[in-house]
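# Summary of structural features
Next come the chains, spelled out residue by residue.
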Amino acid sequence: MPAVQETIDQVRLIDVDQYKYGFETEVEMEKSPKGLSEDVIRFISAKKGEPEWMLQWRLDAYKRWLTMKEPDWARVSYDKIDYNDIYYYAAPKKNPAPKSLDEVDPEILKTYEKLGIPLREQEILAGVEPERRVAVDAVFDSVSVATTFKEELAKAGVIFMPISEAIREYPDLVRQYLGSVVPVTDNFFATLNSAVFTDGSFVYIPPGVRCPMELSTYFRINEKNTGQFERTLIIADKGSYVSYLEGCTAPKRDENQLHAAVVELIALDDAEIKYSTVQNWYPGDAEGRGGIYNFVTKRGDCRGRNSVITWTQVETGSAITWKYPSCILRGDNSRGEFYSIAVSNGMQQVDSGTKMIHLGKNTTSRIISKGIAAGRSENTYRGLVSAHRKATGARNFTNCDSLLIGNQCGAHTVPYIESKNATAVFEHEATTSKISEDQMFYCQQRGLSEEEATALIVNGFVKDVLQQLPMEFAVEAQKLISISLEGSVG
Amino acid sequence: MADVTLMKTPAETALVQAFESAKTALPGNGESRAQAFEQFNARGLPHRRVEEFKYTDLRALLREVAPFAAAPSADEAKAALAGAKALAGVEALQVPFVNGHFMREAVDFHALPENLEIVPLAEALANGHEWLSRLSPVPWANDNPVYQLNTSFMADGVMIRVAGPVETPVHLRFVTAASSAIATATRVLVVVEEGASVTLLETHESTDGANHQPNDVVEMIAGDRTNVQHVRVNAEGDKALALSTLAAKIGGEAVFNSINVTAGAATSRHQVFALLNGENTHLRVNGATMLKGSQHGDSTLVVEHGAPHCESRELFKTVIDNEATGVFQGKIIVPHHAQKTDGRMMSAALLLEEGGSMNNKPELEIFADDVQCAHGATCGQLDEDLLFYLMARGLPKKEAESLLVQAFLGEALEFVENDAAREALVGTVESWLKARS
Amino acid sequence: MLEIKNLVVQIEDKRILNGLNLTVNKGEVAAIMGPNGSGKSTLSYVIAGKEDYEVLDGEILLDGQNLLEMEPDQRAAAGVFLAFQYPLEIPGVASMTFLKATLNAQRKARGQEELTTPDFIKRVNAAAQQLEIPKDMLKRALNVGFSGGEKKRMEILQMALLQPSFCILDETDSGLDIDALRIVSEGVNALRSPDRAFLVITHYQRLLNHIVPDTVHVMHAGRIVKTGGKELALELEANGYADYRESEAA
Ligand SMILES: Nc1ncnc2c1ncn2[C@@H]1O[C@H](COP(=O)(O)OP(=O)(O)OP(=O)(O)O)[C@@H](O)[C@H]1O
Ligand SMILES: [Mg+2]
């Protein structure tokens, strides 16, 4: 409730230029040579001190990638990317692998402070609600600069560390699961990621453990001309539970930057993973200059019986977003959920949705998607729900609503609903509308300005999804949505 | 799509040869044919990587190209028509086509109902009739490969002009009767002038056992304040690969109702391209599809709200028995200027037995902000509680199922205004169900 | 307080108000009665500033300010409150959230401090208690799934919180059961003050038994055709609008 007021204040405070995370940090960086080659991949692998098998894995992916064609998507258009004009590795020069926070470049610490991400455990502990602690892995360009609460998590048996570290310390675990959900050959960008990924988070929750705190990764692209290729791997062993949050920002720049991440989730028997994203990469300016290309492959495998994977996403940033966090419902009685808010304004293009692949018996899935298009943006929901022959008793419910603000934007709904099993029951409904004039008038009659009324009604529109987010994230997301829609009415 | 590098299939090669050898013999100025065929040939037969044909892969389905047939003799035609039963009980002016040729002997041109004119297409093409310029009223249909093939090969058909209210329904009866496979490419244009009204019946039948390949197009230009009631029945033979297109451009303040009922053909695809071209028009497009065995039935629909303040309603019902496959693809397009659009599309499918499949792809493509659009799709079995209730009242399972299936399909049929036609369609559903048990 | 002169309004080429004149003084409770479709709701919407209506002629002054030049939210800040005949539903927005947003928006517009959360909650609870609105209703999305009577009570709750100076009640009595009618009327009466005026639109005397008007206006075909004291309402209750219809036919 106070969040609405904050939202409104926020909307009032900001001027035309709304992206408040657009600052740049001056840090000396070490980079790989520009462009992509086997040598660059060897360079990355060496920097990370990887074992031979990992290097081979990357090189295989690279060879495969060379034979692939960049996809030509129906509803997304952008100038082709010059893959040889990108730095694939950029890390702070001063101590790229700090042992403790004291070793981290103070400029970087300041950056995270400015972004509102607490990295000092004592500060977090001093917070008002100590029971709602969040462990953070902070990824700055190509490397993880800090991971908090590692020791405490270790006591519970939880492994939470940069993936580059996990490759060295838990090679067997990584090897067993890496690429097992998103195969190396999955798609152009996933294959590219497999070849060049630099950092990201690794999480393993042992059997029967309920992760004692929320885990989160905060991604920051800072350096010019770099791509960010992070890789996240989360394994929830039998009967375990984890809630994981992901946030992202980048400085304002005129050129486009590529972010091609891969996220793999594995839930074994009776395990549950909640994965929440607030994506706020720089969206570009009002004319569509600059901004992040967010081409991301996220997939969860409900491998065990009764396992649950929930994706919640609030997408407000990026020039182009192309992502379909998906669930493979392999285990009997497993459940997949997808809750999404995608806001687009200015010249943004969003093509997002989910895939729910029902393979096991009595698997259920639920999709709630809220798209809001303003400015001259294009906002597409694209989703697949499928039941395979053996998915007896599969159930899906899908609801996707779109809201248009202004008549220069587009809102599109493209669902694919495929059933090969007679006992599967799928229900899909979608609507597209605008904020009703009567509702606006009612709010204004009570004294709200047009902008305040819009923010209020939009917040109501996305409520079902916001509720899925952990509290702090929900507040943050609500603010973001209003900020993203700034200037769209009137 | 970027897949131009694919090898030509034997069927594609055969189509090229067929066009080369037929083009000089086909009536009329060959320019638009040549253009259409060139466009088709540039991409070839559409396959599953082509979005619009994702679920109906013509490259895989069309293995051998059937030849076009010569005009039948009077006796052959008579026999063929005598065997045609679809909507036979509905009183109507008969406009028959046999093996792709218009049977002008069957039409008494001197006793046509008031406000109705009919021009044979082959003749019109040959002597450059002025109405020819009105062919292809929906511009974007020209991009469709099935439509392009019809334009390339169309040999005959009719052009009909409705100048005012026409009471008697007009029955376009397409019959293919031959023991070996033949192809047809018939084209019908119906121009309904401002304020006019007409009921059009359209039935498609072919002999069982042969891999007939009809590809027929009916196009309509309905002017302002027109009322068009269109009832289409696919009763093709059990081996047919039946492709068909309805392309309609509809003016303002008009009412346009179209229903397609499919029970026939091994593989069928019915495409509807509707362009709403004037304000305050009400469009309804319905479908009722019954599939069994290994049948494949595709209903593809694109409705463009080209003008503000229009209402469109689409309701598609599919019943799938055995290992059959149903496809529904529907798209509502609302451009920037089409404010106050009210569009609603629903596709519901029932899978009666294990082994069946249904693919639904309802789409909204919306650029105007002051609109109310919605779509829904469901897919599942008969309601078990209802089934149990009926069986507890003493109905055997099959009968209970039949009752529920009838009710399910009935929702799509109830909008048919012509009583006799609606009853005939209900009869089609009943006999389909009877054949099941 | 409120002065309407020669108001002519149309919607989609249909003339609804036809040179309407009406004055309501400070502290006055004025009732408007009139047959269905005579333009009562239209009048209330035009005062509140609904967009669809085209004002062809006339003026509406509130304490000398020209309302017609103001946006709906500015009018609200100036003190206009309309209890809708059909209150709108706003999915996903909790009633509490809505109340707080509106109250603070108006306070800000008037240059007042925002309320602190405890202060706000205290006020809401007090008002809700008086109107016998259960607390859990305030947690639900505004008006979504509320019964007709609950919606009307929620309107009065908003009025009590916002403390407007000019209140329009458009058929607030319809949909209320006997007890709710009394509760709502008491809520309204509690707000009566020498600085505040009411325009009460109703079809029935029973509301006016509870909220006793100072003046009663009869509206017909977009005009005030008769003005009198509270006894005029009783007269209408007995005779209906037949006299006015005939006078028009003549
Ligand atoms: N948006 C509109 N478009 C067309 N006519 C309208 C519109 N809104 C109102 N009207 C017409 O204006 C007239 C007055 O309507 P209004 O709602 O003001 O009546 P009322 O006096 O409040 O009636 P009631 O007692 O039934 O509430 C009616 O004839 C109504 O149909
Ligand atoms: Mg009224």
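Going by the structure above, here's the rest.
The present account deals with the structure reproduced in this document. (Residues numbered from 1 in each chain as written. Chains lettered and ligands numbered in written order. Predicted model: local features only at pLDDT ≥ 70, side-chain atom pairs only at ≥ 80, totals over all residues. Heavy atoms only, no water.)

With that settled, the discussion passes to the interface of chain A and chain B. Of the residues lining the interface, 35 residues belong to chain A; the matching set on chain B comes to 36 residues. Both faces combined, the contact of chain A with chain B buries some 2700 Å², and carbon together with sulfur accounts for 47% of it. It is Asn407, Tyr416 and Ala422 of chain A in chain A that bury the most area against chain B; as a group they hold 19% of the surface buried on that side. Counting across the chain A and chain B interface gives 1 salt bridge. A salt bridge links aspartate 370 of chain B to lysine 434 of chain A; the shortest N-O distance between them is 3.8 Å. Run the count over chain A and chain B and you get 15 residue pairs in polar contact (both at pLDDT 80 or more). (Contact = heavy atoms within 4.5 Å. Buried area = accessible area lost by both parts, 1.4 Å probe. Salt bridge = Lys/Arg side-chain N within 4 Å of Asp/Glu carboxyl O. Polar contact = N/O pair within 3.5 Å; in protein donor to acceptor, adjacent residues only side chain to side chain.)

What follows is about the arrangement of the chains. In this assembly 2 pairs of chains touch, with chains A and B having more contacts than any other pair. Separated throughout, chain B and chain C approach each other most closely at a C-alpha pair spaced 15 Å apart.

Residue and element names in this part refer to chain C. Donor atoms from the polypeptide that bind the magnesium ion (ligand 2) are Ser41 (OG) and Gln85 (OE1), placed at 2.0 to 2.3 Å. In this pair, serine 41 sits in helix α1 (residues 40-48) while glutamine 85 sits in the loop between β6 (80-83) and α3 (95-109), placing the two residues 44 residues apart along the sequence. Note on accessibility: serine 41 and glutamine 85 belong to one class, buried. (Donors = N, O, S within 2.8 Å, 3.2 Å for Na, K, Ca; no water. Helix = DSSP H or I, 4+ residues; strand = E, 2+ residues; numbered from the N terminus. Buried < 20%, exposed > 50% of the residue type's maximum accessible area, 1.4 Å probe, protein only.)

Residue position: threonine 380 of chain A is located in strand β21 (residues 378-387). In contact with threonine 380 of chain A, not counting residues within four places along its chain, are Arg75, Val350, Asp351, Ser352, His412 and Val414 of chain A.

All names here are of chain C. Inspection of the region around ligand 1 gives 15 residues, with Gly37, Lys40, Ser41, Thr42 and His203 positioned closest. Glycine 39 has a polar backbone atom sitting 2.9 Å from an oxygen atom of ligand 1. Contact with the protein chains hides 67% of the accessible area of ligand 1, taken as 640 Å² for the molecule alone. Those elements that place two or more of their residues in the shell around ligand 1 are β2 (14-24) and α1. Top contributing element to the shell around ligand 1 by residue count: α1, with 3 residues. Here the residues of the shell around ligand 1 are counted per class, giving 3 nonpolar, 8 polar and 4 charged. (Near = heavy atom within 4 Å. Areas by Shrake-Rupley, 256 points an atom, 1.4 Å probe, with all protein chains shown as cover. Nonpolar A, V, L, I, M, F, W, Y, C, P; charged D, E, K, R; others polar.)

At the interface, 39 residues of chain C touch 24 residues of chain A. Inspection of the chain C/chain A interface yields 2 salt bridges. With a shortest N-O distance of 2.5 Å, arginine 446 of chain A and glutamate 155 of chain C are connected by a salt bridge. On the surface where chain C and chain A come into contact, there are 12 residue pairs in polar contact (both at pLDDT 80 or more). Among the elements of the structure, α1, α2 (72-77), β6, α3, α4 (117-130) and α6 (148-162) of chain C are those that each provide at least two residues to the side of chain C that touches chain A. Grouping the amino acids of the side of chain C that touches chain A by side-chain chemistry returns 21 nonpolar, 9 polar and 9 charged.

The next point concerns the pattern of salt bridges. Enumeration according to the criterion identifies 54 salt bridges over all chains in this entry. A salt bridge links lysine 323 of chain A to glutamate 315 of chain A; the shortest N-O distance between them is 2.5 Å. Judged by relative accessible area, glutamate 315 of chain A falls into the buried class, the value being 1%. For glutamate 253 of chain B, the salt bridge is made with arginine 225 of chain B, and the minimal N-O distance between the two is 3.9 Å. Taken together, the residues span a long stretch of sequence, with glutamate 253 of chain B in the loop between β11 (241-250) and β12 (255-262) and arginine 225 of chain B in the loop between β9 (213-222) and β10 (227-235) at a distance of 28 residues. Residue classification places glutamate 253 of chain B among the partly exposed positions, given a relative accessible area of 45%. By relative accessible area, which is 43% here, arginine 225 of chain B ends up partly exposed.

Judged by nonpolar contacts, the single largest core of 119 residues is most densely connected at Leu2 and Ile47 of chain C. Residues within four places of isoleucine 47 of chain C in sequence aside, it is in contact with Leu2, Ile4, Ile60, Leu67, Arg75, Val80, Ile168 and Leu199 of chain C. Ile118, Val158, Cys310 and Ala349 of chain B belong to the second-largest nonpolar core, a separate cluster that totals 101 residues. (Core = buried A, V, L, I, M, F, W, Y, C linked by side-chain atoms within 4.5 Å.)

Residues and elements named next belong to chain B. The contact between helix α1 (residues 10-22) and helix α2 (residues 31-43) brings their axes to 11 Å, and the two run at 170°. Taken together, α1 and α2 sit at an angle that is classed as roughly antiparallel. Residues Leu15, Val16 and Phe19 of α1 form the contact with α2, whose own contacting residues are Arg33, Ala34, Phe37, Phe40 and Asn41. Class assignment for the residues of the contact of α1 with α2 results in 6 nonpolar, 1 polar and 1 charged. (Axes fitted to C-alpha atoms, helices over the stretch in contact; angles between N-to-C directions. Parallel < 35°, antiparallel > 145°, perpendicular 65-115°, else oblique.)

Time to look at the side chain of aspartate 156 of chain B. For aspartate 156 of chain B, the location among the structural elements is in strand β4 (residues 156-162). Engagement of the side chain of aspartate 156 of chain B in a polar contact is seen with the backbone nitrogen of alanine 122 of chain B, the distance being 3.2 Å.

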